[in-house]
Amino acid sequence: MEYVASLAFAKEKDQQDPLNKFRDQFYFPQRNGKDAIYLCGNSLGLQSKNVKSAIEQELADWQQCAVEGYWEAKNPWLYYQQYCSKPLTAILGASQQELTVMNTLTVNLHLMMLSFYRPNKQRFKVLMEAGAFPSDQYAVETQVKFHGYDPESAIIEVSPRPGEHLIRLEDILEIINTESDSLALVLFGGINYYTGQFFDIPAITAAAHKAGAYAGFDLAHVAGNIPVELHNWEVDFAVWCSYKYLNGGPGAVGGAFVHEKHASNRNFLRLGGWWGNEESARFKMEKGFVPKKEAEGWQQSTAQVFNMVSLKASLELFEAAGIGALRIKSEGMTNYLEFLLQQLKGINFQIITPKNCNERGAQLSLLFLDKGKEIHQRMTDAGIIVDWREPGVIRVSPAPLYNSYQDVFHFYEIIANIASNA
């Protein structure tokens, strides 16, 4: 597409956008008396306007029904997690039996690793990307120690080559092949939070399986951003949070995927909890854990209604928009952002996110070689909300459900003004 660095072009693109109506379904923080230029959905999504009434509905049902709300509420609480897992099927490419919402991301990662990381004297190593988000690093480190192994020898990290910022797929596959006799688990972030690199999930999964290892993914920056096909790609498990692109609210409930070949196997080891027990026997209150033959068999406790309600409200908008249409708009806006950034002069930075839109989502990471923190502060003062990550990256993320081409252009205008006054 021929892009133009002008407000008129951005307005025209917004007028042509079939998803532009969804912008009005969200609240924008206010800066300098007007809507902020919010390009930080990769850290925390905006509040959808239907959240308040959704919460009020549950409050009313709690008030009027009390315990009978589990059966008599407008949305009976016994099945509340399913109101979120159903819309996620299209977003994550899985059946509802393979999905559940529960706990938070790192709790779910620990629960999945207790099932899928079963080290022995021969197979005890975990392969992950260097520079993974700290919660993943800490979870893997402590799981390895829990099983009595030394993280120095049990954790293998794949790094970018010297002088590069991205991890090459061939390097990942080569290490999997080299370590095939000792590898127990391959655990990657679907998207690296710092660079914005989207990894080749099906290729990594296939290589892990060929080596005799399980393949799991942290999809915190993928869920609601890039449509995936977890079932067809034969991913063993995945976990994610819902407060980024899925707009579930701060600290919102996490999610988990378990492929049906494992989920349907009641003998597949997992930690038991009342809400993971077979529903037909749940209220018999008997000894003997009999897990549900689906991902919900990993659930521990009663659905956290008030921690799920905002996600449920947001997912109603995702269903109306369609993840395919959102991805098309996302690619267009991110490509436009890249085009505009290439027009900038007098500011020392480079885009370290892959140029190929198939290898990235709705995020561009700008590495500033000097004055990055100062520039971020000036953006903030000018009404831009973007994310700073040490040691020198500003992450810019136009979310297609509520951002516009005009947001992208105004961001460019402001940073161009900062550059001219640097």
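Residues numbered from 1 in each chain as written. Predicted model: local features only at pLDDT ≥ 70, side-chain atom pairs only at ≥ 80, totals over all residues. Heavy atoms only, no water.

The name given to the protein in an unreviewed UniProt entry is Kynureninase, and the organism recorded there is Chitinophaga ginsengisegetis. Listed in UniProt under the heading Subunit (unreviewed entry), the comment for the protein reads: "Homodimer." Listed in UniProt under the heading Cofactor (unreviewed entry), the comment for the protein reads: "pyridoxal 5'-phosphate". (UniProt positions renumbered as here; feature names shortened; annotations may be inferred.)

Colleague: Teacher, can you tell me more about the domain arrangement of the protein here?
Modeller: It is common to give the size of an interface as the accessible area that goes away when the parts come together. For the protein, the domain assignment lists domain 1 (7–47 + 323–420) and domain 2 (55–319). Listed as interface residues are 34 residues of domain 1 and, on the opposing side, 25 residues of domain 2. Summed over both sides, the interface between domain 1 and domain 2 buries roughly 2,300 Å², with carbon and sulfur atoms accounting for 62% of that surface. At the boundary of domain 1 with domain 2, the tally comes to 12 residue pairs in polar contact (both at pLDDT 80 or more). Secondary structure elements with two or more residues in the side of domain 1 that touches domain 2: α13 (323–341), β12 (364–368) and β15 (393–396). Sorting elements by how many residues they give to the side of domain 1 that touches domain 2 places α13 first, with 4 residues. (Domains from an automatic or database assignment. Contact = heavy atoms within 4.5 Å. Buried area = accessible area lost by both parts, 1.4 Å probe. Polar contact = N/O pair within 3.5 Å; in protein donor to acceptor, adjacent residues only side chain to side chain. Helix = DSSP H or I, 4+ residues; strand = E, 2+ residues; numbered from the N terminus.)

Colleague: Got a minute to help me understand the UniProt feature "modified residue: N6-(pyridoxal phosphate)lysine" (unreviewed entry) in the protein in this structure?
Modeller: Residues annotated by UniProt as "modified residue: N6-(pyridoxal phosphate)lysine" (unreviewed entry) correspond here to K244. Here K244 lies in the loop between β9 (237–240) and β10 (255–258). Take K244: its relative accessible area is 10%, and that puts it in the buried class. Ignoring anything within four residues of it in the chain, the contact list for K244 reads G41, N42, S43, L44, G45, A220 and H221. A distance of 3.4 Å separates the side chain of K244 from the backbone oxygen of N42, its partner in a polar contact. (Buried < 20%, exposed > 50% of the residue type's maximum accessible area, 1.4 Å probe, protein only.)

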